[in-house]
Amino acid sequence: MTPDFLVNGPITGEIIADYIARMEKSTEQGAHSLFLGQVRADIKGLKRVKAIEYSAYEKMTSKEGENIIGSLLKEFEDVKNIRILHSTGVVMAGKISLLVVVSAGHRHQAMAACTRAVELIKERLPVWKKEIFEDNTHEWKGNELA
Amino acid sequence: MPAEEASKQKIQNHRMEIKVLFFGILAEVTQTMFRHYRDVTSYEDLMHRITDDYPELQHYNYRVAVNFEITDEPPVLKNKDEVAFMPPFAGG
């Protein structure tokens with residue numbers, strides 16, 4: 001079964017707790033490394049970010065998500081399981097928009113693979129973000145002019 | 001390939017229907033999330049028609065994916081292919 005890589009809205013405490021609860025069902029892994037990405041209320045000039053609106057190329061996200069997991073499992077032999085979950089839609093400042101959980105036999109590969117997973121997600125996952133300011137104007141991130 | 005089949009495929013290739021998608025800021029500047037181009041003859045033909053329809057695209061950085069695969073070389077399109085215009089990724 002293909003895991004879901006995207007969830008509409010923020011990644012709630014309930015979702016994160018559910019991931020942790022599910023770890024208890026497996027006894028072959030001794031270390032879990034977890035990364036959470038949070039929406040910052042950045043200040044841009046006189047404006048403050050109140051939310052980020054994410055959009056994704058859903059079909060390509062599934063394919064690239066599978067590719068990222070496949071390449072990490074090959075690179076880190078001790079890693080047993082990797083889950084990636086990214087928000088789409090509006091996520092208010094302070095809320096969580098990215099969850100990465102890497103489970104391995106031992107801590108070193110769990111942590112190294114988690115760091116690498118986040119880098120690959122930034123580099124390869126077809127997701128875009130629009131910062132929405134408190135005055136409801138917006139700015140695309142990564143939209144540099146040619 | 002038998003001549004008859006080759007010629008049939010050539011005719012089909014000359015009548016391709018391609019789904020084109022725009023993401024991120026490109027959906028905003030083109031005011032289009034997706035549209036279909038009909039009677040497309042080649043990738044070059046498609047790109048020509050898109051840049052005619054949306055000249056503002058030239059001001060932006062983007063990469064093109066064909067069927068969810070980023071392509072740097074001009075690909076050979078098939079009927080019903082999906083072509084996506086993607087600005088730099090900004091996930092996380």
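Since the model is a prediction, treat every value here as computed from it, not as a measurement.

Visitor: Please provide a residue-by-residue account of the packing of aromatic side chains, values included.
Guide: Evaluated as defined, the whole model comprises seven aromatic pairs over all chains. Measuring from centroid to centroid gives 4.9 Å for Trp128 of chain A and Phe23 of chain B, while their planes differ by 15°, and the two rings are stacked. In this pair, Trp128 of chain A sits in strand β7 (residues 127-133) while Phe23 of chain B sits in the loop between β1 (16-22) and α2 (25-30), so the two residues belong to two different chains. By relative accessible area, Phe23 of chain B is classed as buried at 10%. When the ring of Tyr62 of chain B is compared with that of Phe85 of chain B, the centres are 5.1 Å apart and the planes differ by 55°; the resulting orientation is tilted. Remark: Phe85 of chain B occurs in strand β5 (residues 82-86) and Tyr62 of chain B occurs in the loop between α3 (43-53) and β3 (63-66); sequence separation between them is 23 residues. A relative accessible area of 28% means that Tyr62 of chain B is categorised as partly exposed. Residue classification places Phe85 of chain B among the buried residues on the basis of a relative accessible area of 0%. In this structure, Arg63 of chain B packs its charged tip against the face of Phe89 of chain B, placed 5.3 Å from the ring centre.

Visitor: Run through the side chain of Thr30 of chain B, naming residues and quoting values.
Guide: Looking at the secondary structure, you find Thr30 of chain B in helix α2. Dropping the residues within four chain positions of it, Thr30 of chain B is found in contact with Phe22, Tyr54, Glu56 and Leu57 of chain B.

Visitor: Could you give an account of the sheet that holds strand β2 (residues 34-40) of chain B, with specific residues and numbers?
Guide: All names here are of chain B. Spatially, β2-β1-β5-β3-β4 is the arrangement adopted by the five strands of the open sheet, whose pairing is mixed. The open sheet terminates on both sides in strands that have one partner only, identified here as β2 and β4 (69-70). Taken together, the five bridges between β1 and β2 define a ladder with antiparallel strand orientation. Counted as the bridge partner of Leu21 is Phe34 from β2. The sheet strands contacting α3 are β1, β2, β3 and β5, and the helix crosses β2 at an angle near 130°.

Thresholds, definitions, all that
- Residues numbered from 1 in each chain as written.
- Chains lettered and ligands numbered in written order.
- Predicted model: local features only at pLDDT ≥ 70, side-chain atom pairs only at ≥ 80, totals over all residues.
- Heavy atoms only, no water.
- Phe/Tyr/Trp six-rings, centres within 6.5 Å; stacked < 30°, edge-to-face > 60°.
- Helix = DSSP H or I, 4+ residues; strand = E, 2+ residues; numbered from the N terminus.
- Buried < 20%, exposed > 50% of the residue type's maximum accessible area, 1.4 Å probe, protein only.
- Lys NZ or Arg CZ within 6 Å of the ring centre and 35° of its normal.
- Contact = heavy atoms within 4.5 Å.
- Pairing = 2+ DSSP bridges.
- Axes fitted to C-alpha atoms, helices over the stretch in contact; angles between N-to-C directions.

Purely spatial values, then, with no claim about function.
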